[in-house]
Amino acid sequence: MSDEPQPQQPNQGWAPREPQTAGEGKAGKPERPRRTGWRRLIPTWRITLGTCLIGVMLLIGGFFLGYHLVQIPAANALATKQSNVYLYADGSVLARDGEVNRESVGLARISKDAQHAVLAAEDRDFYTESAIDPMAMVRAGWNTATGQGKQSGSTITQQYVKNYYLAQEQTITRKVKEFFISIKLDREKSKNDILEGYLNTSFFGRGAYGIQAAAHAYYGIDAKDLTAAQGAYLASLLNAPSQYDVVAHPENRPAAEARWNYVLDGMVEKGWLTAAERTGTKFPMPKKTTVSTSMSGQRGYLVNIIKGYLARNDIVTEEDLGRGGYRITTTLQKDKQDAFVKAVDDKLMSELDTKNRKVDTYVRAGGASVDPRTGKVVAMYNGIDYVKQYTPNATRRDFQVGSTFKPFVFTSAVDNGSRTQDGRLIRPGTVYDGTSERPVQGWSGDRYAPENEDHHDYGDVTVTEATDKSINAVYAQMAVDVGSDKVKQTAIDLGLSPDTPELVPSPSIALGVAHASPLDMAEAYATLANHGRHGSYTLVEKVLKDGKHEVELPERHEEQVVSREAADTTTSVLRSVVQNGTATAAQTAGRPAAGKTGTAEEDKAAWFAGYTPELATVVAVMGQDPVTAAHKPLYGAMGLDRINGGGAPAEIWGQYTRDALEGEPVTDFDLRLQAGADITESPSAGTSDEPGAGEESGSRQPGDESSGDREENGTRTPGRTGGSTPPGGDGTGAPTAGGPTGDPGPTGNDDSANGDGTTEGDNDDDSNGTGGDDDDDSNDGTIAGIPLSPRRP
């Protein structure tokens with residue numbers, strides 16, 4: 001063996017390498033630059049793709065898992081639902097309701113027009129699309145999340161699943177179940193079966209579940225006989241069953257008709273109705289409801305008003321109430337409720353002769369009573385019988401309030417520190433010119449010259465006297481002095497809804513052209529009684545579900561909306577109306593009282609709004625044709641020349657207040673008055689009497705009738721004011737369409753409450769100034785609390 005070293009083969013793996021140049025990788029390929037800075041936070045396309053694939057797989061897996069786990073359940077227990085019990089504040093039973101009014105029918109017993117109408121309203125692509133609409137669900141979820149209100153993204157299939165198989169709670173779990181059950185149901189049942197089930201389980205209002213019950217409730221016919229127009233109206237109700245009932249809520253008819261037109265247009269779009277048939281279609285006014293005798297008298301009115309209150313305040317939905325099981329304790333007090341009904345019967349209904357006087361068939365009454373310290377509604381009067389007269393008169397907003405609005409003008413003047421045109425602060429003793437048809441000054445609109453009752457010229461009067469006699473000329477000028485926009489805001493602050501019909505800034509706002517309900521006005525007057533502190537009225541004390549689960553009620557908030565001085569000074573002026581003015585009939589309450597009479601255009605309504613320290617109550621007597629529902633004048637009703645606020649309304653108020661507060665201590669008003677409230681201030685020397693710009697459309701011509709509360713026994717203070725508007729004051733447009741017109745009303749009638757031969761009248765020239773409130777001027781100086789009955793001819 002040789003000791004010589006053996007030659008070695010070169011090892012390629014260990015051979016020296018040439019140095020690589022920058023940017024080259026293996027095999028001479030360029031090396032990818034490293035991600036630095038913010039780029040490292042962005043996922044690569046590989047990560048993104050992988051995440052998407054995993055997400056899709058999870059969704060698919062979740063879908064199949066949910067589809068497998070969620071089974072179609074048995075129908076819910078709606079057929080065995082409970083009744084709702086409504087209680088007075090003392091726990092006694094007011095009414096019971098909640099029987100399921102439903103008759104299931106096959107699809108063949110539902111007219112094709114009605115079927116197509118429901119499809120046009122709820123799901124126009126029902127027969128061609130799947131059971132769910134993901135895009136609609138996303139859109140609805142987005143709208144709800146962004147505060148645009150609860151939106152429905154459900155197809156008819158989903159709605160049927162919710163109605164028939166599930167509960168109504170708004171939870172993710174329920175929505176997930178609804179999603180999967182809808183898909184399964186769409187595979188297992190035909191479209192016709194699903195539509196049939198939906199039509200038999202949907203709620204249409206008036207306690208009617210299912211289209212057969214709805215057809216009878218609204219039109220007195222079977223579902224198979226429904227026309228396209230009738231079917232479209234019933235389909236519209238699915239969107240808002242209570243609000244779109246145009247018999248119960250005539251003020252909502254425009255909205256109901258808009259929805260009705262939307263449904264018909266959808267039927268034309270889908271070819272279910274021809275354009276010619278659509279053109280000839282008229283709105284099918286539903287009949288008055290036929291209700292169980294358990295809802296007779298005041299009960300039916302009260303139950304429906306309470307239902308509306310619960311729904312509007314998001315306490316309990318109408319559908320949930322329809323399913324029953326609620327025990328609702330109201331704020332209504334049985335003794336006061338009974339006293340209200342008796343007062344109306346004694347002072348109004350017993351005086352009617354419907355057989356011999358046609359005008360007596362027009363008479364309707366409404367009223368509401370509120371505790372000003374708590375805002376609780378303690379009593380309401382809505383009509384003679386819910387079964388006979390369906391419309392609730394305590395909450396309707398279609399009659400003018402007349403001169404009961406005037407106190408809001410004075411309250412606004414004091415609260416805003418308003419002054420007359422010559423710079424005098426408006427106080428109870430401020431002197432105004434009460435000449436009839438005197439154009440208001442400082443108004444930038446067209447000429448406006450309201451007429452006093454019977455064209456009576458009062459000359460120079462204080463604000464207190466002008467309120468006693470309800471002088472239009474004074475209050476129209478005062479509205480301009482204050483600024484009618486400020487007057488409107490004060491009325492809203494006191495309690496009127498911003499949506500009050502005809503509540504428009506103009507001089508005529510002072511004359512009561514606005515259409516508010518007795519309950520609206522009671523809330524506003526309660527704020528005056530409560531020294532300017534306002535809180536919305538309440539109707540419900542407690543709500544229990546299934547006898548054990550208490551439903552949370554919204555917290556009531558109270559705030560000072562006008563100064564105490566403004567509210568209390570108004571009270572002092574309104575006390576004079578009861579003591580010396582048009583409302584002496586209210587003295588029968590036997591307590592210190594403040595109030596104001598009012599009469600609407602052509603005596604179509606007469607009002608009295610008043611309060612004691614314990615109770616604020618508003619009473620209205622209205623004229624309505626029992627067949628056409630048109631508003632009617634009440635000339636000659638009760639055998640009197642006129643019905644006015646100082647007559648039956650004030651008499652009802654007096655008896656009710658006396659009986660409702662029987663046994664309670666008599667208390668006087670605790671008033672904190674405006675500085676100088678007792679000073680009588682005449683116009684400055686040299687004040688111009690030249691008329692300012694007036695409102696031509698609202699001007700009066702000689703011979704035109706104007707309603708006006710009259711009182712002629714007050715002393716006069718020399719001097720005259722033209723009224724004023726502060727810089728930048730009321731510069732809005734013309735008065736509302738309901739302003740004074742040239743239509744004369746009867747004049748020269750005996751004062752039904754005075755017995756002095758003069759014409760009574762509320763200077764509430766609401767729109768044409770006709771009609772009038774009782775101005776009993778025979779009791780000047782009478783002390784409040786002494787029962788005095790006004791005389792009738």
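Here's what I pulled together on the structure shown here. (Residues numbered from 1 in each chain as written. Predicted model: local features only at pLDDT ≥ 70, side-chain atom pairs only at ≥ 80, totals over all residues. Heavy atoms only, no water.)

**Things to note about the sheet that holds strand β13 (residues 605-611)**
The pairing of strands in a sheet comes from backbone hydrogen bonds and takes either a parallel or an antiparallel form. Our working rule: Two strands make a pair as long as DSSP finds a minimum of two bridges between them. Helix and strand definitions here come from DSSP, where helices need a minimum of 4 consecutive H or I residues and strands a minimum of 2 consecutive E residues; each element is numbered from the N-terminal end. Orientation is described by axes fitted as lines to C-alpha atoms, over the contacting stretch for helices, and by angles from 0 to 180 degrees between their N-to-C directions.
Taking strand neighbours across the sheet as the criterion, the 5 strands line up as β5-β4-β14-β13-β12 in an open arrangement whose pairing is antiparallel. The sheet terminates laterally at β5 (377-381) and β12 (594-599), the two strands that pair on one side only. Between one strand and the next, the sheet's axes are offset by a mean angle of 5 degrees, whatever the strand orientation. Of the pairings in the sheet, the one linking β12 to β13 comprises 6 bridges and is antiparallel in character.

**With respect to the layout of surface pockets**
Over the atoms rolls a probe the size of a water molecule, and in doing so it shows where empty space is left. The condition that has to hold: Grid points spaced at 1 Å and placed over the protein atoms alone form the basis of the search, with a cavity being a set where a 1.4 Å probe fits but cannot get out and a pocket an open set showing protein on both sides within 12 Å along at least five of seven lines. Lining residues have an atom within 4 Å of a point. Grid points are joined across faces, edges and corners, and a volume is the space filled by probe spheres set on the points. Ten residue types, Ala, Val, Leu, Ile, Met, Phe, Trp, Tyr, Cys and Pro, are classed as nonpolar, four, Asp, Glu, Lys and Arg, as charged, and the remainder, Gly among them, as polar.
Estimates place the volume of the second largest pocket at around 470 Å³. Along its surface, the second largest pocket is lined by 24 residues, and Val247, Lys288, Thr391, Gln624 and Ala629 are the ones closest to its centre. For the lining of the second largest pocket, the per-class residue count stands at 10 nonpolar, 7 polar and 7 charged.

**What to know about the pairing of strand β1 (residues 84-87)**
To keep it simple, the criterion reads: Any residue under 20% of the maximum accessible area for its type is buried, any over 50% is exposed, and the rest in between are partly exposed; the area is computed with a 1.4 Å probe on protein chains only.
On β1, burial covers both faces: Asn84 and Tyr86 on one face and Val85 and Leu87 on the other are all buried. Once β1 ends, the chain turns through 5 residues before running back antiparallel as strand β2 (residues 93-97), passing Gly91 with a positive phi of about 95 degrees.

**Here's the deal with the packing of aromatic side chains**
The way to describe two aromatic rings as a pair is by their centre distance and the angle between their planes. Note the following rule: Each aromatic pair joins two rings of Phe, Tyr and Trp (for Trp, the six-membered one) with centres within 6.5 Å, and gets the label stacked for planes under 30 degrees apart, edge-to-face for over 60, and tilted for any other angle.
For the structure on display, the rule yields 16 aromatic pairs. When the ring of Tyr233 is compared with that of Phe283, the centres are 5.6 Å apart and the planes differ by 90 degrees; the resulting orientation is edge-to-face. A residue pair is termed long-range when its members are at least 10 positions apart, and Tyr233 in helix α8 (residues 228-237) and Phe283 in the loop between α10 (275-279) and α11 (299-312) qualify at 50 residues. Classification of Tyr233 as buried rests on a relative accessible area of 0%. Centre to centre, the rings of Tyr386 and Tyr390 are 5.1 Å apart; their planes meet at 45 degrees, and the pair counts as tilted. For the pair shown, Tyr386 and Tyr390 are each scored as buried. Three or more aromatic residues link up through ring pairs in this structure, and these residues are Tyr218, Tyr219, Tyr233, Trp260 and Phe283.

**Focus on empty space enclosed by the protein**
Summed over all chains, the structure comprises 1 cavity of 30 Å³ or more. Of the volumes computed, that of the largest cavity is approximately 60 Å³. Around the largest cavity, the lining residues are Val370, Pro372, Gly375, Glu523, Ala526, Thr527, Asn530, Arg533, His534, Gly535 and Arg556. Those elements that place two or more of their residues in the lining of the largest cavity are α18 (518-529) and β8 (533-534).

**Considering the packing of helix α2 (residues 112-122) against helix α9 (residues 253-269)**
The condition is simple: An angle below 35 degrees is read as roughly parallel, one above 145 as roughly antiparallel, one from 65 to 115 as roughly perpendicular, and any other as oblique. By definition in these notes, contact holds between two residues if any of their heavy atoms fall within 4.5 Å.
In the contact formed by α2 and α9, the axes pass within 8 Å of each other and the chain directions differ by 105 degrees. Comparing their axes, α9 and α2 come out roughly perpendicular. For the pair formed by α2 and α9, the contact residues are Asp113, His116, Ala117, Ala120, Ala121 and Glu122 on the first element and Arg259, Tyr262, Val263, Gly266 and Met267 on the second.

**Let's talk about the pattern of salt bridges**
How we decide: Salt bridge criterion: a side-chain nitrogen from Lys or Arg within 4 Å of a carboxyl oxygen from Asp or Glu.
According to the stated counting rule, one finds 28 salt bridges in the structure shown. Look at the salt bridges and you will find they share partners, linking Arg533, Arg556 and Glu558 into a network.

**Things to note about the packing of α2 against helix α6 (residues 191-201)**
Where α2 meets α6, the axes come as close as 12 Å, and the angle between the chain directions of the two elements is 85 degrees. Taken together, α2 and α6 sit at an angle that is classed as roughly perpendicular. Counting all contacts with α2, which are made through Gln115, Val118, Leu119 and Glu122, the residues of α6 involved are Leu195, Tyr198 and Leu199. Taken together, the residues that form the contact of α2 with α6 break down as 5 nonpolar, 1 polar and 1 charged.

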